[in-house]
Each structure stands twice: as C-alpha cells, then as structure tokens.
Amino acid sequence: MWQSTARTRTSSAFTSFFFSNARWASPAIRITRNPHSYGLIAHPTTDLPRSAFKQAEALTPARLAKVYWQLSKSSLTVLNVLTAMSGVALSPLPTTVPVLLATAVGTALCSASANTLNQIQEVPFDAQMARTRMRPIVRRAISPLHATAFAAVTGITGPAILWTMTNPTTAIIGAGTLALYAGPYTWMKRKSIANTWLGAVVGAAPPVMGWTACGGQLIPSPSYPIHIFPPSFVSSLPETVLDPSLINSPLAPLALFALLFSWQFPHFNSLSYFVRGSYAQAGCHMLSVLDPRKNALVSLRHALILIPACSVLIPLSGLTTWWFALSSLFPNIVLLRASWIFWKNGGEKQARTLFRHCLWYLPLILGMMMAHKQGVDWLQWIGIGSDNPRKLENENHVVDRPQSS
C-alpha cells in the first residue's frame, strides 16, 4: 500500500511538469493516433491558405553541411575533440602531426555518428521539447534515411581512421563509446536516472582516447607498472625515479577520466534543472525532474570530488607537477561554492550560475595542467630560461686531464 502511494506521488510529481493540453481542445483541431509511432496527429478541420505554410528550402551543399553540423551536435563534438587533444598534449610519449590529426578527425566522426543516431531515435520526443524541436530531422530538413546514411558513414570511417592511423585500442574505445551513447544511454533516458552516470562515462572517454593514441597504456603489467610521483619533500626515492617516461602508467588516464567524469555532473545537473520542464515533457527520467534536491546534491558531491582529483590524484599520477595542486585550488573552490549555493537554495538563478562556472572551469583546468605538465620547462622552451641544472653541474665538474707524452 505504501509503495503504491509513493509511486502515485512520484508519477504525479513527474506529470506535473507537462504542459497543458488545453490547446488541443480547439474545435478547429481533430486529434488521431499515429499508427506508425507513439505520438498523435493534429488535423486542421479547416483549409488553410498556401501563404500559411513556409516553403521548404532547397538542400544546397552549404545547407547540407550545416545540417550535418547540427546532426553532430556541434558544441558537444567540439568539446569531445578538445578533450581528446588534451589527452594527447598531456602524454609524455612523443607523437606526430598525422597521429594528432587522425585522433581529432576520428574522435569527431565517432561523436557525429553517436549524436546523429541519438537524434534519429528521439524524433518523437525532441518534437515535444522547445529546445530541441528545431533539430534537423524534427523540422524535416533532412530525411531519417539520409541521417542514417550519414551516421553509418561517420560511424564506420571514424573508428577506421583511429585503427589505421593510431592503434586498435583507441579505435575500440571510440567505437565503444559510440555504441554506448547511441544504444543503452539513449534507451535509458526514459527508463532510469542512471542514464546520467552512463552518459558521464561516454563523456569522460575522449581524453583517454587521446592518451592511448600516443601509445599510452591503460592496464597495469610488469612492463608498465603503476608509478606514483609524490611531492619531493615526502619522497625518499632517488631523483632518477622521477623520469617523465614513467608517467606512461594506468594511473594517468584514470586521473584524466576522473576529472572529466566528475566535471559533467555539476555541468549537466545544473543545465537539466533549468530545462527540467522540457525533459519532463518528453518523458525523460532525469534527476532534476524526479528529485531536484538530490540533483543539486549530486552536483555538490562531484564538485567536492574534483578537489582531491586535481590536488592529489593528477599530480600523484605524474601528469603535472605538484604546483598544479595549489594553483587548481582557486577554480575548484569557486566551483564548489557555486555548487553549495545551488544545493542550499535550489533556484534556477543558482543553477544558471553554476552552469556558467562549469563552462570556464574545464578549459582553465586543462590549460593549467598543460602549463604544469611534468618534465616541461616552459621558460627554457621559449628560450628565456636556464639550461638543465644537472647538465650545468656536470660541466662545472669537468676536470682537465694532462695530455700523455
């Protein structure tokens, strides 16, 4: 009895976000059920003049490129490419321009395919949401068959480029995230709030792809054990252990994954809060719809996790020096404060503030990681720093030997 009452309350709270259907009560509209989908069809009972309709635009090459760009969810694809490039930049292993370009193009194609397949499946639901009803397939700028062909071409070409130009590991990760996003994640959006955690796994994969594209390892082995890089004042290890080549261990990609995984929760949960009406309208099971308080708590929890991830795990893995542990504290405290206010007050204004903080947080943190990259002397790199102190020390201890007679 108690479970039935709780389920009724949850259902009532969920459906309360749906817009009113009173607009369908007009006698000028006749509603029938669509036998080919889950939606309804509105039939005007009066003839409308031709001027009431907008003429469809011809699909020129320029417009087609724009449609493809929209199918790819351009902002999300660009984010995936940039985070993949950060994995390449932070790798201690040498790389080449072809590998760099292949990683960027392959990641972009995998992302484009995954996002297109997601939109193909969600046409009936995107049509109900104000923020998605102008997507290409919904507004019939492109047919579902054409979109499917685009998704197939990009979905095959992306992993193929990664396989041939980088390595099979990177291609498998790219194909796996494509399948995970277009398959289980899309299906779970209307089934369980766990879809957010599954989507965070997909979003955290690109920097790992950048890492493996350079030949980085993911699984510990006798040849590639896990090395840690403690601060110099607590380390009793000889200086030779702090070799940047030893960073090629599974702890470094784990740190990259943890950073991107936790960042997505304050980012997405704040966004989903101020568009929760649209999510409910489309039947999406989002935490911001079913339990807004817990939605803010999850954001706060992962904002808190980002502090030890940046100040302990990342420098301990050897990706950065320990100066990053200090310099990253300020942006992390700013993000944590915004998450705390969002959890405490739970308002739309606080959600938008947290979302804006998340937009600058990730590029700043990744940029700081590159600035504090282990084994890189930027002053020497730009030509204004001193030479290697060990090299100078060796030169100063050179002793002239007498020439033999």
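Keep in mind it's a predicted model, so treat the numbers as computed, not measured. By convention here, each chain's residues receive numbers from 1 onward along its written sequence. With the structure being a predicted model, the display of local features is reserved for residues of pLDDT at least 70 and the display and counting of side-chain atom pairs for 80 or more, all residues being used for whole-chain, interface and lining totals. With hydrogens and water set aside, each side-chain value is computed from the structure's full complement of heavy atoms.

S.K.: What is the right way to look at the overall build of the chain in this model?
M.R.: Strands here are runs of E lasting at least two residues and helices are runs of H or I lasting at least four, both read from the DSSP assignment and numbered beginning at the N terminus. Across its full length, the chain carries 18 helices and two strands. Exposure is judged per residue with a 1.4 Å probe applied to protein chains only, and the accessible area is read against the type maximum: over 50% gives exposed, under 20% gives buried, and values in between give partly exposed. Buried residues in the chain amount to 40% of all 405 residues. Sequence separation of 24 or more characterises 73% of the internal contacts of the chain that already satisfy a separation of 6 or more. All accessible areas in this document rest on Shrake-Rupley with a 1.4 Å probe, and a residue is counted as covered only by the protein chains that are shown. Carbon and sulfur atoms provide 65% of the accessible area of the chain, an area that totals close to 22500 Å². Contacts: residue pairs with any heavy atoms within 4.5 Å of one another.

S.K.: Any chance you could explain empty space enclosed by the protein here in plain terms?
M.R.: To locate leftover empty space, one rolls a probe as large as a water molecule over the atoms. For each structure, a 1 Å grid was placed over the protein atoms alone; sets of points admitting a 1.4 Å probe that cannot get out are labelled cavities, open sets with protein on both sides within 12 Å along at least five of seven lines are labelled pockets, and lining residues have an atom within 4 Å of a point. Grid points are joined across faces, edges and corners, and a volume is the space filled by probe spheres set on the points. Applying the stated criterion to the full structure yields one cavity of 30 Å³ or more. Counted as a void, the largest cavity has a volume near 40 Å³. For the largest cavity, the full set of lining residues is Thr196, Trp197, Phe265, Phe268, Asn269, Ser272, Leu287, Ser288, Asn295 and Val298. Those elements that place two or more of their residues in the lining of the largest cavity are α8 (195-203), α10 (251-274), α12 (287-290) and α13 (292-317). Take the lining of the largest cavity: its biggest share by element is four residues, from α10. In this classification, Asp, Glu, Lys and Arg are treated as charged, Ala, Val, Leu, Ile, Met, Phe, Trp, Tyr, Cys and Pro as nonpolar, and every other residue, Gly included, as polar. A class-by-class count of the residues in the lining of the largest cavity yields five nonpolar, five polar and no charged.

S.K.: Quick question: what am I supposed to make of helix α6 (residues 144-165) here?
M.R.: Since the α-helix advances by 3.6 residues per turn, residues separated by three or four positions end up pointing in the same direction. Relative to the 32 Å expected for 22 residues at 1.5 Å per residue, α6 spans 31 Å between its end C-alpha atoms, a close match to the ideal helical length. Packed against the buried residues of α6 are α2 (61-71), α4 (97-121), α7 (168-188) and α9 (205-213). By definition here, a helix of n residues has an expected span of 1.5 Å times n minus one.

S.K.: I would appreciate a short explanation of the nonpolar core in the present structure.
M.R.: Generally speaking, soluble globular proteins have nonpolar side chains that are buried together. Within the largest apolar cluster, 44 residues are counted, with the highest numbers of intra-cluster contacts made by Leu259, Tyr279, Ile314, Leu319, Tyr361 and Met369. Contributions of two or more residues to this core are made by α10, α11 (276-281), α12, α13, α15 (329-345) and α16 (348-371). Beyond its immediate stretch of four places on either side in the chain, Tyr361 contacts Leu259, Trp263, Leu306, Cys310, Pro331, Asn332 and Leu335. Side-chain atoms within 4.5 Å are what join buried Ala, Val, Leu, Ile, Met, Phe, Trp, Tyr and Cys residues into a set we call a nonpolar core. Judged by nonpolar contacts, the second largest core, of 14 residues, contains Ala171, Ile173, Met188 and Val208.

S.K.: What should I look at first to understand the UniProt feature "transmembrane region" (unreviewed entry) in the chain in this one?
M.R.: UniProt positions are given in the numbering used here, feature names are shortened, and annotations may be inferred rather than shown by experiment. The feature "transmembrane region" (unreviewed entry), as given by UniProt, occupies residues 141-163, 169-188, 197-219, 251-275 and 296-316 in the numbering adopted here. Across residues 169-188 one finds 100% helix and 0% strand; the C-alpha atoms that close the span lie 27 Å apart. A helix fraction of 96% and a strand fraction of 0% characterise residues 251-275, whose end C-alpha atoms lie 37 Å from each other.

S.K.: Looking at this model, I keep getting lost on the packing of aromatic side chains. Mind explaining?
M.R.: The geometry of an aromatic ring pair is captured by two quantities: the separation of the ring centres and the angle between the planes. Here is the rule: rings of Phe, Tyr and Trp (six-membered ring for Trp) pair when centre to centre is within 6.5 Å. Planes less than 30 degrees apart are stacked, more than 60 are edge-to-face, and the remainder are tilted. Scanning the model with the defined rule gives nine aromatic pairs in all. Consider the rings of Phe261 and Phe265, whose centres lie 5.3 Å apart with planes at 65 degrees: the pair is edge-to-face. Of this pair, Phe261 and Phe265 both sit in helix α10, four residues apart, which is roughly one turn of the helix. Here Phe261 and Phe265 have matching classes, each one buried. Through successive ring pairs, a cluster of aromatic residues spans Trp197, Phe257, Phe261 and Phe265. Geometrically, a lysine NZ or arginine CZ counts as sitting over a ring once it is within 6 Å of the ring centre and also within 35 degrees of the ring normal. Positioned above the aromatic ring of Phe125, the side-chain terminus of Arg190 is 3.8 Å from the ring centre. Lying across the ring of Phe274, Arg352 places its NZ or CZ 4.2 Å from the centre.

S.K.: I would appreciate a short explanation of the environment of Lys349 in the present structure.
M.R.: Among the secondary structure elements, Lys349 is positioned in helix α16. Taking the C-alpha atoms as reference points, Lys349 and Ser270, separated by 79 residues in sequence, lie 10.0 Å from one another.

S.K.: Before we go on, may I ask you to explain the packing of α10 against α13 in this structure?
M.R.: In helix packing, the relevant descriptors are the interaxial angle and the interaxial distance, both defined with respect to the helix axes. Between N-to-C directions, angles cover 0 to 180 degrees, with each direction set by a line fitted to C-alpha atoms, over the stretch in contact for helices. Taken N-terminus to C-terminus, the directions of α10 and α13 make an angle of 155 degrees; their axes are 8 Å apart at the nearest point. With respect to each other, α10 and α13 are oriented roughly antiparallel. Taken as a pair, α10 and α13 cross one another with a handedness that is left-handed. Grouping the constituent residues of the contact of α10 with α13 by class yields 19 nonpolar, eight polar and no charged. Roughly parallel here means an angle under 35 degrees, roughly antiparallel means over 145, roughly perpendicular means 65 to 115, and every remaining angle is called oblique. Left-handed describes a crossing in which the near helix is turned anticlockwise from the far one by less than a right angle; the clockwise case is right-handed.

S.K.: Sorry, what's going on with α16 here?
M.R.: Along its 24 residues, α16 runs 35 Å from first to last C-alpha, staying within 8% of the 34 Å computed at 1.5 Å per residue. To get the bend at a given residue, fit one axis to the seven residues ending there, fit another to the seven starting there, and take the angle between those axes. Remark: the principal bend of α16, roughly 25 degrees, maps to Tyr361, with a proline, Pro363, within the next four residues. Taken together, the buried positions of α16 are Gln350, Ala351, Leu354, Phe355, Cys358, Tyr361, Leu362, Ile365, Leu366, Met368 and Met369. Tucked into the core, α16 has its buried residues touching α3 (74-90), α10, α13, α14 (323-327) and α15.

S.K.: Where do I start with the pattern of salt bridges in this structure?
M.R.: Where charged atoms of side chains with opposite charge meet at close range, the side chains can pair. Any Lys or Arg side-chain nitrogen found within 4 Å of a carboxyl oxygen on Asp or Glu counts as a salt bridge. Per the stated rule, a full pass over the model turns up four salt bridges. Salt-bridge contacts for Lys189 lead to Glu122; the nearest nitrogen and oxygen are separated by 3.2 Å. Of this pair, Lys189 sits in the loop between α7 and α8 while Glu122 sits in the loop between α4 and α5 (123-126), and the two are 67 residues apart along the sequence. Assigned by exposure class, Lys189 and Glu122 land together as buried.

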